Amino acid sequence: MDKEFDIVIIGGGPAGLAAAVSAYDEGEKNIVIIERSEQLGGILNQCIHNGFGLHTFKEELTGPEYAARFEDEVKKRNIECLLNTMVLDISSDKIVTAINKDDGMFSIKAKTVVLCMGCRERPRGALNIPGARPAGVYSAGTAQKLINISGMKIGKEIVILGSGDIGLIMARRLTLEGAKVKAVVELMPYSGGLKRNIVQCLDDYSIPLLLSHTITKINGKHRIKSVIVSEVDENRRPIKGTETEYKCDTLLLSVGLLPENELSKKAGVNINNVTGGPVVTQDFETNIEGVFACGNVLHVHDLVDFVSEEASDAGKNAALYVKNSDKKKGKTVIVKAENGVRYVVPNTIDTNFEEDIKLRFRVDNIYKNVYIKVTMGDKELIKRKKMIVAPGEMETLVLKKEMLSDSDNIDNIIVSLER
């Protein structure tokens with residue numbers, strides 16, 4: 001092998017930085033972060049709006065400020081970082097193959113690997129919108145980078161498809177830059193973003209949000225000239241006769257994020273069909289022993305503070321694995337999502353655990369006046385009333401060790417909603 005490290009962290013965004021700091025503080029000093037960009041911080045570097053850090057630092061920061069806090073901690077600990085370095089492959093025995101312009105192609109033997117590759121945007125090709133391929137159609141993240149990093153003006157009259165958080169934030173950003181955002185069009189009967197972003201980014205600027213609508217055609221040959229917006233029925237099919245034309249020179253697509261797991265799949269990591277991320281235990285360990293996953297590569301988060309919190313746990317557990325890889329394991333209990341709950345992370349729980357376990361999950365629709373329940377067989381572990389739950393906001397419950405004291409004859413735990 002060209003190099004050897006105890007812990008190899010793939011990705012230098014918020015998850016990778018938090019995992020590295022936590023692993024170091026747990027006593028493992030032989031760590032490397034591999035980042036394909038020329039700087040650490042990931043997507044935070046282009047998120048110049050505030051609202052980050054309220055949970056982690058108890059103050060409101062911009063994305064670059066939040067990233068800088070963790071970058072400073074990495075530098076204080078002299079954790080090695082390989083920038084402008086692309087990971088090409090991870091083998092099941094934790095051999096990481098990477099390439100950069102200085103070293104060429106090289107291999108790293110790792111005792112443990114932490115997957116922190118983040119997520120990517122769903123492209124236009126996945127939407128099957130009829131029309132030509134004119135200029136002026138951007139993903140929301142690309143538009144954000146062009147405006148905030150490159151200082152470019154991308155258009156004057158904007159329509160946004162999808163009401164995810166990036167799309168909502170870009171509606172405000174473009175308005176502040178002098179553009180006219182004509183509408184945010186959302187296929188579902190509810191927004192996919194945080195309530196605070198709907199209020200601060202749309203309501204405060206009188207930008208209309210068209211729920212249960214979609215774009216059925218893009219007009220324009222060289223540059224986009226307009227889009228056709230149609231109402232959809234309960235099966236999300238366009239309703240004939242509801243078409244409205246919106247003149248625009250720019251269309252932003254904010255139609256979902258996909259965990260970046262090509263490397264994970266090549267390594268043999270099992271992927272959850274709902275989240276698009278790895279199947280993990282409460283320690284964030286995948287089915288490959290010594291390979292951990294956290295952050296948006298595991299499941300798409302709404303707040304970066306939760307990414308950092310999750311990654312800190314993953315980094316700590318990776319360090320503990322290096323110290324004690326032959327730790328005795330207990331019984332494996334499967335965690336299931338049912339009756340209104342779309343998915344739960346972690347997917348399995350080893351009953352031989354010491355610290356509280358946080359169950360993070362999302363619901364599949366907007367529900368009001370419901371109980372969130374966690375049951376194990378006939379035993380009700382948790383029952384919490386919520387006035388409202390929505391797909392755009394992640395929920396968290398805490399399982400304590402004593403709750404699983406009767407788990408010997410139980411194979412699964414169920415998280416569900418009760419109306």
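Residues numbered from 1 in each chain as written. Predicted model: local features only at pLDDT ≥ 70, side-chain atom pairs only at ≥ 80, totals over all residues. Heavy atoms only, no water.

On to the sheet that holds strand E22 (residues 348–350), then. Strand order in the open sheet made by the five strands is E22-E20-E27-E24-E25, with mixed pairing throughout. Only two strands of the sheet have a single partner each, and these edge strands are E22 and strand E25 (379–389). Across the sheet, the axes of successive neighbouring strands diverge by a mean angle of 20°, strand direction being ignored. By the bridge criterion, three bridges tie strand E20 (residues 332–337) to E22 in an arrangement that is antiparallel. Along E22, the bridge assignment pairs threonine 332 with aspartate 350. (Pairing = 2+ DSSP bridges. Helix = DSSP H or I, 4+ residues; strand = E, 2+ residues; numbered from the N terminus. Axes fitted to C-alpha atoms, helices over the stretch in contact; angles between N-to-C directions.)

Attention now moves to the packing of helix H1 (residues 14–25) against helix H2 (residues 63–76). For any two helices packed against each other, one specifies the inter-axial angle together with the distance between the axes. Contact geometry of H1 with H2 gives a least axis separation of 9 Å together with a crossing angle of 35°. Judged by the twist between their axes, the crossing of H1 over H2 is left-handed. Judged by residue contacts, Leu17, Ala18 and Val21 of H1 engage Ala67, Phe70, Glu71, Glu73 and Val74 from H2. Here the residues of the contact of H1 with H2 are counted per class, giving six nonpolar, no polar and two charged. (Left-handed = near helix turned anticlockwise from the far one by under 90°. Contact = heavy atoms within 4.5 Å. Nonpolar A, V, L, I, M, F, W, Y, C, P; charged D, E, K, R; others polar.)

Considered as a void within the structure, the second largest pocket measures approximately 920 Å³ in volume. The set of elements that each furnish at least two residues to the lining of the second largest pocket consists of helix H7 (304–323), E22 and strand E23 (357–363). Per element, the largest residue contribution to the lining of the second largest pocket is five residues, and it comes from H7. Per-class residue counts for the lining of the second largest pocket are 13 nonpolar, 11 polar and 14 charged. (1 Å grid on protein atoms, 1.4 Å probe; cavity = no way out; pocket = protein on both sides within 12 Å on 5 of 7 lines; lining within 4 Å. Points joined across faces, edges and corners; volume = space filled by probe spheres on them.)

In this section: H7. Taking 1.5 Å per residue, 20 residues should reach 28 Å; H7 reaches 29 Å between its end C-alpha atoms and fits that length. Within H7, 14 of the 20 residues are buried, leaving the element largely enclosed by the surrounding structure. (Expected span 1.5 Å × (residues − 1). Buried < 20%, exposed > 50% of the residue type's maximum accessible area, 1.4 Å probe, protein only.)

Predicted confidence across the protein chain gives a mean pLDDT of 93, with 100% of residues reaching 70 or more. Per-element averaging of pLDDT across the protein chain places E22 at the bottom with 90 and strand E2 (residues 31–34) at the top with 98. (pLDDT = per-residue confidence, 0-100.)

Attention now goes to helix H4 (residues 165–176). Helical geometry: 3.6 residues make up each α-helical turn, so side chains three or four residues apart lie on a common side. Given a rise of 1.5 Å per residue, 12 residues ought to cover 16 Å, and the 17 Å separating the end C-alpha atoms of H4 matches this to within 8%. The buried fraction of H4 amounts to nine of the 12 residues, a majority that puts the element mostly inside the structure. If you check which residues of H4 are buried, you get Asp165, Gly167, Leu168, Ile169, Met170, Ala171, Arg172, Arg173 and Leu174. Those residues of H4 that are buried are in contact with helix H3 (140–148), strand E11 (157–161), strand E12 (180–185), helix H5 (195–202) and strand E17 (250–253).

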